[in-house]
Amino acid sequence: MLTAFARAFKTPDLRKKLLFTLGIIVLYRLGAHVPVPGVSYENVQTCVDQASKGNNSLFGLVNMFSGGALLQITIFALGIMPYITASIILQLLTVVIPRLEALKKEGQSGQAKITQYTRYLTVALAILQGTGLVATATSGALFSGCPVADQIVPNHSIFTTIVMVVTMTAGTAAVMWLGELITDRGIGNGMSILMFISIAASFPGALWAIKTSGKLADGWIEFATVILIGFVMVALVVFVEQAQRRIPVQYAKRMIGRKSYGGTSTYIPLKVNQAGVIPVIFASSLLYIPALIVQFSNSTAGWATWIQGHFVKGDHPYYMTAYFLLIVFFAFFYVAISFNPEEVADNMKKYGGFVPGIRAGRPTAEYLSYVLNRITWPGSLYLGLIALVPTMALAGFGGANQNFPFGGTSILIIVGVGLETVKQIESQLQQRNYEGFLR
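Source: prediction; values computed, not measured.

Colleague: How would you summarise the overall build of the chain if you had to cite specific residues and measurements?
Modeller: Across its full length, the chain holds 18 helices and five strands. Relative to its full complement of 439 residues, the chain shows a buried share of 44%. Within the chain, contacts between residues at least 6 apart in sequence are counted, and of these 70% link residues at least 24 apart. With the model as given, the accessible surface of the chain reaches about 22500 Å², and the carbon-plus-sulfur share is 63%.

Printed below as a string of structure tokens:
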């Protein structure tokens, strides 16, 4: 693997792409540490240090996707979360709105139009989320329990609020532009790379926080246990992410003039985890809403107390049960809208393809739907276990918290992006007859 890296850097165009990607990553991490105008940096650091010792997991998911920039209230505080949300919304609307579905079928030009819509929606969501973050920071609700939480934004004027929101929105647009630059001129998918870097940047601090807060042998037993769980999780995720059911497809041979066309064999790869990390993000976001409502309502009613006790901390049985069931539901939901067996069967029939032993048309669509439902069950259960096992394991050592680095969302994204990036470098090395990463 090290030899392959050396050969990649010896190739001029590959070296240029790798160095360009590294340069964009450095810019992205620098922007994640530049505070927004109007914020008291000292008070923010005081509250962040206090929050890291507690169990304030309300903003844990969004903070993870921003690489820790959200709680620091920097110019890249929103990170790529607005873009991820916009992409998911557009993907869901494609099934509902005929105009978007027609654009999707137009090929590259239609996809470019959908990408443009995604950018507009990203900016709109960034304005909305930036306003919410500024309002939360101004009210002191961003760090509940911190003595200087209401002094994070000393000046509460309208002008200061507008400047903060505009700065965060511009930061989100810059992050989106940096991601597209990596996609066009670097290695791998730009947004995925930035997401990978955001999550990986929090690993060293999270691991050290687990060690310092541990009680067994000065925290070394908890530290070693977390590392061991991390290796097991990575191995399991790699195994399942690579697993797929290959449905053979045979194309009939056709004679046009004196030439023969078709007659080839291929397959349809149906992944066990066809939905990817989307169900985990959906479930986390949905369970995040009740805690957010309680946070802003400041209510002492019975329902607010019940939600505060059962759905704010991630180690309560009610929370974990709801989380698991939502992940399973969203896995089936997302697979149902992202893979259309009838459309695949019609395309196969149009080009003379068929599954051996299955009639073309409707029987093929029913067979694909049957196979997809069967492999989605283990895929959805796997997602639920990946999301919950780390929480339950760490809870055995005195309480789970948001600093656990090998959670379901983070490990799925890191392994998935890592595999795809390595495959892309591998393919470019093989084009030049070099030995790649995989033998």
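Colleague: Describe the pairing of strand 1 (residues 244–251), with residues and values.
Modeller: Pairing of strand 1 with strand 4 (residues 265–271) involves seven bridges; the strand directions are antiparallel. Bridge pairing in strand 4 links Arg245 to Leu270. Summarising the sheet, strand 1 and strand 5 (residues 353–354) pair through two bridges and their orientation is antiparallel. Each bridged residue has a counterpart across the sheet, and for Tyr251 the counterpart in strand 5 is Gly353.

Colleague: A description of the sheet that holds strand 4 should follow, citing residues and the corresponding values.
Modeller: In spatial order, the strands read 4-1-5; together these three strands make up an open sheet with antiparallel pairing. If you trace the sheet from one side to the other, it starts and ends with strand 4 and strand 5, each paired once.

Colleague: Tell me what's going on with the confidence of the model for the chain, and back it up with residues and numbers.
Modeller: In this model, the chain carries an average pLDDT of 80, and 82% of its residues clear a pLDDT of 70 or more. Counting contacts from residues 398–402, a segment whose pLDDT is below 50, to residues more than four positions away or on other chains yields 15 contacts.

Colleague: Give a description of the nonpolar core that names residues and reports values.
Modeller: Counting 64 residues, the largest nonpolar core has Leu270, Tyr323 and Leu412 as its most contacted members. Setting aside chain neighbours within four positions, we find Leu412 in contact with Val237, Glu241, Val277, Val280, Tyr382, Leu383 and Ile386. In terms of nonpolar packing, the next biggest core, distinct from the first, is built from 24 residues, Leu71, Ala126, Val148 and Ile152 among them.

Colleague: Please give an account of the packing of aromatic side chains that cites residues and values.
Modeller: Under the criterion given, the structure shown has seven aromatic pairs. Judged by centre distance (5.3 Å) and plane angle (80°), the ring pair of Phe282 and Phe330 falls under edge-to-face. On the criterion of sequence distance, the pair formed by Phe282 in helix 13 (residues 278–297) and Phe330 in helix 15 (residues 317–338) is long-range, its members being 48 residues apart. Of the two residues examined, Phe282 and Phe330, each falls in the buried class. Put simply, the rings of Phe282, Phe329, Phe330 and Phe333 pair up and form one aromatic cluster.

Colleague: Residue-level account of the packing of helix 2 (residues 12–31) against helix 10 (residues 190–201), with values.
Modeller: As a packed pair, helix 2 and helix 10 sit with axes 11 Å apart at the nearest point and diverge in direction by 55°. Accordingly, the angle class assigned to the pair helix 2 and helix 10 is oblique. Note that helix 2 runs across helix 10; the crossing there is right-handed. On helix 10, the residues that touch Thr21, Ile25, Tyr28 and Arg29 of helix 2 are Ile193, Leu194, Ile197, Ser198 and Ala201. When the residues that make up the contact of helix 2 with helix 10 are grouped by side-chain class, the tally is six nonpolar, two polar and one charged.

Rules of the game
- Residues numbered from 1 in each chain as written.
- Predicted model: local features only at pLDDT ≥ 70, side-chain atom pairs only at ≥ 80, totals over all residues.
- Heavy atoms only, no water.
- Helix = DSSP H or I, 4+ residues; strand = E, 2+ residues; numbered from the N terminus.
- Buried < 20%, exposed > 50% of the residue type's maximum accessible area, 1.4 Å probe, protein only.
- Contact = heavy atoms within 4.5 Å.
- Areas by Shrake-Rupley, 256 points an atom, 1.4 Å probe, with all protein chains shown as cover.
- Pairing = 2+ DSSP bridges.
- pLDDT = per-residue confidence, 0-100.
- Core = buried A, V, L, I, M, F, W, Y, C linked by side-chain atoms within 4.5 Å.
- Phe/Tyr/Trp six-rings, centres within 6.5 Å; stacked < 30°, edge-to-face > 60°.
- Axes fitted to C-alpha atoms, helices over the stretch in contact; angles between N-to-C directions.
- Parallel < 35°, antiparallel > 145°, perpendicular 65-115°, else oblique.
- Left-handed = near helix turned anticlockwise from the far one by under 90°.
- Nonpolar A, V, L, I, M, F, W, Y, C, P; charged D, E, K, R; others polar.

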